[in-house]
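# Inside the fold
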Amino acid sequence: MTTKFDPRAAKPISDWEHHSKLLCCRVDPTGTYVVAGAIDYTIQRWEIATGKKTSLAAHDNWVRTLGFSPDGNTLYSGAYDGRWIAWDITSETPQPIRVIQAHAGWVRGLAVSYDGKQIATCGNDKRVKAWSANDGQLLREMVGHSNIPYCLQFVPNNYDLVSGDIVGNIHQWRGEDGTLVRSFTASEIFFHIGDIAPFGGIIHLSFSPDGKKLTACGLHKCSNAPAGNRRAVALSMDWTTGEKRPKQECLKKDIDATMWRVAYHPDGTMIGNVAKDIGFWNPDAEDAFHLVETPSDIFDLDLHPNQIDLYTAHFDGHVRCHRLGSSA
Amino acid sequence: MAKMTMNRYKPCGTIDHGIGRRQFMGEFLMGMGAIAGTSLFSHPIGASEVTQRGKSVVVVYLNGGISQFESWDPKTDLETGGPFKSIPTSVPGIHISELLPYTAQQMHHMALIRSISTDLDDHGLANNIVRSGRTTRSATEYPELGAVVSKGLERADFPLPGHITTMVGGSGGRANNAAYLGPQYASVAIGAEKGGIVNTQLPDGMTVTADSRRHDWRRFVNGRHRSKVQSAEMDAYTQCYEQALRLMEKRELFDITREAESVQEAYGKTEFGKQLLLARRLVEAEVPFIEIQHGGWDFHHNNFEFHLHYVADFDRPFAHFIGDLHQRGLLERTLVIVMTEFGRTPKINAGYGRDHYPKAWSIALAGCGIQHGAVIGKTDPKGIEVTDRKVDHRHLFHTYLRAVGIDSSGEFDIAGRRFPIADPAFGPIKELLA
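Residues numbered from 1 in each chain as written. Chains lettered and ligands numbered in written order. Predicted model: local features only at pLDDT ≥ 70, side-chain atom pairs only at ≥ 80, totals over all residues. Heavy atoms only, no water.

### Some details on the overall build of chain B
If you tally the helices and strands in chain B, you get eleven helices and 17 strands. In chain B, which comprises 434 residues, the share counted as buried stands at 60%. About 16800 Å² of surface is accessible on chain B, with carbon and sulfur atoms providing 51% of the total. (Helix = DSSP H or I, 4+ residues; strand = E, 2+ residues; numbered from the N terminus. Buried < 20%, exposed > 50% of the residue type's maximum accessible area, 1.4 Å probe, protein only. Areas by Shrake-Rupley, 256 points an atom, 1.4 Å probe, with all protein chains shown as cover.)

### Digging into the overall build of chain A
Counting secondary structure elements, chain A contains zero helices and 32 strands. Relative to the compact-globule value of 20 Å for 328 residues, chain A shows a C-alpha radius of gyration of 18 Å, a close match. When its C-alpha atoms are laid out on the principal axes, chain A stretches across 50 × 45 × 35 Å. For chain A, with 328 residues in total, the buried portion stands at 63%. Partitioning the contacts of chain A with sequence separation of at least 6, the portion at a separation of at least 24 is 47%. Split by element, the accessible area of chain A, about 11800 Å² in all, is 46% carbon and sulfur. (Rg over C-alpha atoms; globule rule 2.2 N^0.38 Å. Contact = heavy atoms within 4.5 Å.)

### Describing the interface of chain A and chain B
Taken together, the contact pairs 33 residues of chain A with 24 residues of chain B. Of the roughly 2400 Å² buried between chain A and chain B, counting both surfaces, carbon and sulfur atoms make up 61%. By the criterion of area lost to chain B, the three top residues of chain A are Trp62, Ile196 and Pro226 of chain A, representing 25% of everything that side buries. Run the count over chain A and chain B and you get three salt bridges. (Buried area = accessible area lost by both parts, 1.4 Å probe. Salt bridge = Lys/Arg side-chain N within 4 Å of Asp/Glu carboxyl O.)

### As for the sheet that holds strand β13 (residues 127–132) of chain A
All names here are of chain A. What the four strands build is an open sheet, ordered β11-β12-β13-β14; its pairing is antiparallel. Only two strands of the sheet have a single partner each, and these edge strands are β11 (107–112) and β14 (138–143). Across this sheet, the average inter-strand angle for adjacent strands is 15 degrees, counted without regard to direction. Strand direction decides the pairing type here: strand β12 (residues 118–123) and β13, joined by five bridges, are antiparallel. Within β13, the residue paired with alanine 120 across the bridge is alanine 130. (Pairing = 2+ DSSP bridges. Axes fitted to C-alpha atoms, helices over the stretch in contact; angles between N-to-C directions.)

### Things to note about the state of the cysteines
Considering all chains together, one arrives at zero disulfides over all chains under this definition. Cysteine cysteine 217 of chain A shares no disulfide, and the gap to the nearest cysteine sulfur, in cysteine 151 of chain A, comes to 7.5 Å. (Disulfide = S-S within 2.5 Å.)

### Quick look at unusual backbone geometry
Residue and element names in this part refer to chain A. Of note in the backbone geometry, lysine 126 takes a positive phi value of approximately 70 degrees without being a glycine. Within the secondary structure, lysine 126 is located in the loop between β12 and β13. The exposure class of lysine 126 is partly exposed, given its relative accessible area of 35%. For lysine 221, which is not glycine, the phi dihedral falls at a positive 50 degrees. With respect to the helices and strands, the residue lysine 221 is situated in strand β22 (residues 213–224).

### Topic: the pattern of salt bridges
All names here are of chain B. All chains considered together, the criterion is met by 50 salt bridges over all chains. The shortest N-O distance in the salt bridge between arginine 280 and aspartate 324 comes to 3.4 Å. Of this pair, arginine 280 sits in helix α9 (residues 271–284) while aspartate 324 sits in helix α10 (residues 303–327), placing them 44 residues apart in sequence. By relative accessible area, which is 2% here, arginine 280 ends up buried. One connected set of salt bridges, linked through shared partners, spans Glu259, Arg280, Arg281, Glu284, Asp324 and Arg328.

### Notes on helix α5 (residues 145–152) of chain B
In terms of burial, α5 of chain B is largely enclosed, as eight of its eight residues are buried. Restricting attention to buried positions, one finds in α5 of chain B the residues Leu145, Gly146, Ala147, Val148, Val149, Ser150, Lys151 and Gly152 of chain B.

### Some thoughts on the packing of aromatic side chains
Here the structure, examined in full by the defined rule, presents 28 aromatic pairs over all chains. Ring geometry for tryptophan 260 of chain A against phenylalanine 299 of chain A: centres 5.3 Å apart, planes inclined by 45 degrees, an arrangement best described as tilted. One end of the pair, tryptophan 260 of chain A, is in the loop between β24 (248–249) and β25 (262–264); the other, phenylalanine 299 of chain A, is in strand β29 (residues 298–303), with 39 residues separating them in the sequence. Judged by relative accessible area, tryptophan 260 of chain A falls into the partly exposed class, the value being 21%. Centroid distance phenylalanine 84 of chain B to phenylalanine 304 of chain B: 6.4 Å. Interplanar angle 50 degrees. Geometry classified as tilted. Here phenylalanine 304 of chain B lies in helix α10 and phenylalanine 84 of chain B lies in the loop between β2 (56–63) and β3 (86–88), a separation of 220 residues in the sequence. Neither residue differs from the other here; phenylalanine 84 of chain B and phenylalanine 304 of chain B are each classed as buried. A connected cluster of aromatic rings, assembled from ring pairs, spans Trp62, Tyr80, Trp106, Trp260, Phe299 and Phe315 of chain A together with Phe84, Phe304 and Tyr352 of chain B. Geometry around tryptophan 239 of chain A places arginine 182 of chain A over its ring, the cationic atom sitting 4.3 Å from the centre. (Phe/Tyr/Trp six-rings, centres within 6.5 Å; stacked < 30°, edge-to-face > 60°. Lys NZ or Arg CZ within 6 Å of the ring centre and 35° of its normal.)

### Concerning the sheet that holds strand β30 (residues 309–314) of chain A
All names here are of chain A. Reading across from one edge, β2-β31-β30-β29 is the order of the four strands in this open sheet, with antiparallel pairing throughout. Single-partner strands in this sheet number two, and they are β2 (11–17) and β29. The mean inter-strand angle of the sheet, taken between neighbouring strand axes irrespective of direction, is 20 degrees. When β29 meets β30, the two strands line up antiparallel, connected through five bridges. Bridge pairing in β30 places aspartate 302 opposite tyrosine 311.

### Examining the side chain of histidine 294 of chain B
Its place among the elements puts histidine 294 of chain B in strand β8 (residues 289–295). Under the relative-accessibility criterion, histidine 294 of chain B is labelled buried at 3%. Within polar-contact distance, the side chain of histidine 294 of chain B engages the side chain of aspartate 313 of chain B at 2.8 Å. Those residues in contact with histidine 294 of chain B that lie beyond four places of it in its chain are Ile196 of chain A together with Tyr61, Leu62, Asn63, Phe272, Tyr310, Asp313 and Phe314 of chain B. (Polar contact = N/O pair within 3.5 Å; in protein donor to acceptor, adjacent residues only side chain to side chain.)

### Brief notes about the side chain of threonine 345 of chain B
All names here are of chain B. Among the secondary structure elements, threonine 345 is positioned in the loop between β10 (343–344) and β11 (356–357). Residue threonine 345 is classed as buried on the basis of its relative accessible area of 12%. Ignoring anything within four residues of it in the chain, the contact list for threonine 345 reads Phe69, Arg354, Asp355, His356 and Tyr357.

### Let's talk about the environment of isoleucine 363 of chain B
All names here are of chain B. Looking at the secondary structure, you find isoleucine 363 in strand β12 (residues 361–367). Since its relative accessible area comes to 1%, isoleucine 363 is described here as buried. Along the sequence, isoleucine 363 and valine 311 sit 52 residues apart, while their C-alpha atoms lie 14 Å from each other.

What follows is the structure, given as structure tokens:
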């Protein structure tokens, strides 16, 4: 029996709880585990088949970003303690393999290259750094963001990096030497309050499955930043030309939200969070074609390698899974 | 007597912005209605001229409610403490948020109060009680701290307003915050920009001699009229004119670009840095009360990200201000209060914000009249409750006044009616006073 991807048929299939708020989650490439980073400085690992929970403790601050090696054997975590840690995630009680003091201030984003040989991080020191996954050596350091970079990704099948910052700039850095290749601006999703604090910017970056589109997500329509009056949004750019596509937002529900993560299904459907809802957009469609409501605000999401099960990390400490389809 | 955690240190014994003269006069006169029928010759009882001479109070008002967790009372609790760590300060044993590395190095000039508990979580109402030192439940309006200090420290020969709010990017005016003391003690908003105060130079074609003749004529006519009719409004009107003239003569005081470039750089060319630099110039000029606003701390959403930027904007200029006052010998006659209207919730909400929390919060003080390196009070490990030496806005009000030598147990005599300077049911935090 097969399951056809159909978000309209979404139903919850698992719900696992941790006692602390969760900021991020990832499913390993083999589909064995889902892991989540928490504000109690831990990473929680759930075995998907059994729901067995294991706690990983080595960070000294909020765990903000996670990534897996392509073989699923190593988990990489980045935290507000300024460090990234490599974990032997398949062992019974995972331990740190490597602890790297990466940035002055928080690590905001972490990415793993297509072949697993490089790790990239960005942090409050406004630096983007690439590291050897093998030994943790710093390979290159990229300076050029005028303010804090929130997120980064490797360009598909490449060591080039794209990083997006808190003031709406996106930079592409050459894999060979770390030089700046080009820059995009997404001022549409950036605001400034009182000449003091930026608000919004590039919260997350994702490439479309065909690699032709780079999608930045975050917030727009900000009317009162300290009160959190804003709307979730995704803004895609043609990767070759930089031409911007229409903004994608949630017109079905008028709610304050930030889109913390966009993931793509292989068929091109964009999946993003809108407060407590999971939203689904057809390519370049302005409004979501479907929303799935959950009990708590979502701060990250990731697709299982089966491309049917979607895991979400929630403010209430739960990791939830929805099966996005019906049996055929 | 509550226990005080303390490490004792020896205390100190363009013209585009600013106030327009016409606006100054206009708003002053608008405020006159409030004092009709009262005498302007109220006076504080018990004030000591010797201890007050040249004293100043500078309030740095963090409008909206700074988080005590991300400033003066950091916690390590995993659910309430937030992501920022604490750092040591120049006073052994005192730790504050890592967001304040420069201020931490000035802690030996400062004191912290970590046990403030009030009961109003509305901005306007909370703002009113922390400024007035009263919980207003009657028809009586009470003067704010600036008006009381201005009145308490006033000198007959002083050429400037005694109660100044600095501002950047706008013209000013008199606020309505002096209640029964009368509008001459209300705050005047004056900007910190090149050229000092806007609209204070004589118009083209008007000579100094001609201008002087105009004022002589005004004084003559006023005097003749006053010999027949006396009224508070008329006295205030006259005083307002004379003060405006003195302000015109002192316009350069408000021009911070007269400071060396290195000094301006050290304060930082942010709005806050410019205001602090103006405040230092006003302290040098012995202005009794100066308030600086640093607004927008009401972070119901994105609290940690915003504090990262806002506290950084505050920290370096503020620390430099304290250090500069000290180096110039001004801190020993200046009380600096970092004031806000309430704290923020221990609970982190779903937008990673903190909401209003008057139950347990903190402020910082620096300068004269206080025990340097003192920490008053304590909250529990989660920051939910005050566990030691609970105080509120009424204790604080008494303490501020005592620190600059004003007897807060005294009274104002307003046309024969006596008004306690501060809430008589309360007193200062004695262990904090030098």
